[in-house]
Amino acid sequence: MNRLAVVIYFSRAGQNKQHGAAQYINVGNTALVAGKLAAQLGCPAVDLQAIPAYAADYAATLQRTKTELAQAAAVQLAPLTVDLTAQTQFFLGFPIWWRTLPQVVVTFLQQVDLAGKQLYPFCTHEGSGFGRSLDALQKLAPQAQLLPGLAVRGSNAYKADQALINWLQSLQLK
């Protein structure tokens, strides 16, 4: 097991936009990619959980996230299930909401010290790629080493295995 790396991710199941329409999924797209990545790396995967959880309804989640973003709101997080102090490699996964990071991820980054750590971002999206999230990551974790990331179309998350292998090989981690 890789004790220096950890996959930290935020994901949401329920109604999600896939192929241009809201469809119900049992496991969030980012969770699918995070699980595959953790298996490839042999490290733990830690789910960031908002309190209260986001609604399964797509329209309700859109409204909540729009308000959170407009107000730059801090989102209460459930306590993490792993101690992050020993890790040096952070694989941070998130869906792209409103072309940037969800406020859940922003809150996490405001609470954790990533100075001197390697930060490998990955996201799921439905056409926007990383959007503005890489700029946001640089501002929120300026003392972390921000490394090349991987953007996966959410509707293709279930078949992201080869993309993950290629990404890890390009980073010389596999």
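Nothing here was measured: the structure is a model prediction, and the numbers come from that model.

### Focus on the side chain of Thr100
Examined against the element boundaries, Thr100 turns out to sit in the loop between β7 (89–95) and α3 (103–111). Since its relative accessible area comes to 9%, Thr100 is described here as buried. Ignoring anything within four residues of it in the chain, the contact list for Thr100 reads Leu69, Pro95, Arg132, Ser133 and Ala136.

### Considering the packing of aromatic side chains
A ring pair, where both rings are aromatic, is described by two values, the distance of the centres and the angle of the planes. All chains considered together, the criterion is met by six aromatic pairs. Taken together, Phe91, Tyr120, Phe122 and Trp167 form an aromatic cluster joined through their ring pairs.

### Considerations on the pairing of strand β8 (residues 118–125)
Burial analysis of β8 places seven of its eight residues in the buried class, which makes it a mostly covered element. Looking at chain direction, β7 and β8 are connected through seven bridges and run parallel. When the bridges of β8 are listed, Gln89 appears paired with Gln118. Between the parallel elements β7 and β8, the chain passes through α3 in a crossover that is right-handed. Where β8 lies against strand β9 (residues 145–146), two bridges are found, and the strand directions are parallel. Residue pairing across strands places Gln118 opposite Gln145, the latter belonging to β9.

### So, the pattern of salt bridges
Across all of its chains, the model carries three salt bridges by this definition. The residue Lys36 makes a salt bridge to Asp161 at a minimum N-O spacing of 3.0 Å. In this pair, Lys36 is assigned in helix α1 (residues 29–41) and Asp161 in helix α5 (residues 161–170), connecting sequence segments 125 residues apart. The exposure class of Asp161 is partly exposed, given its relative accessible area of 35%. Where Arg153 meets Glu126, a salt bridge forms, and the shortest distance between an N and an O atom there is 3.8 Å. Here Glu126 lies in the loop between β8 and α4 (133–140) and Arg153 lies in strand β10 (residues 150–153), a separation of 27 residues in the sequence.

Rules of the game
Residues numbered from 1 in each chain as written. Predicted model: local features only at pLDDT ≥ 70, side-chain atom pairs only at ≥ 80, totals over all residues. Heavy atoms only, no water. Helix = DSSP H or I, 4+ residues; strand = E, 2+ residues; numbered from the N terminus. Buried < 20%, exposed > 50% of the residue type's maximum accessible area, 1.4 Å probe, protein only. Contact = heavy atoms within 4.5 Å. Phe/Tyr/Trp six-rings, centres within 6.5 Å; stacked < 30°, edge-to-face > 60°. Pairing = 2+ DSSP bridges. Right-handed = clockwise from strand over helix to strand, strands pointing away. Salt bridge = Lys/Arg side-chain N within 4 Å of Asp/Glu carboxyl O.

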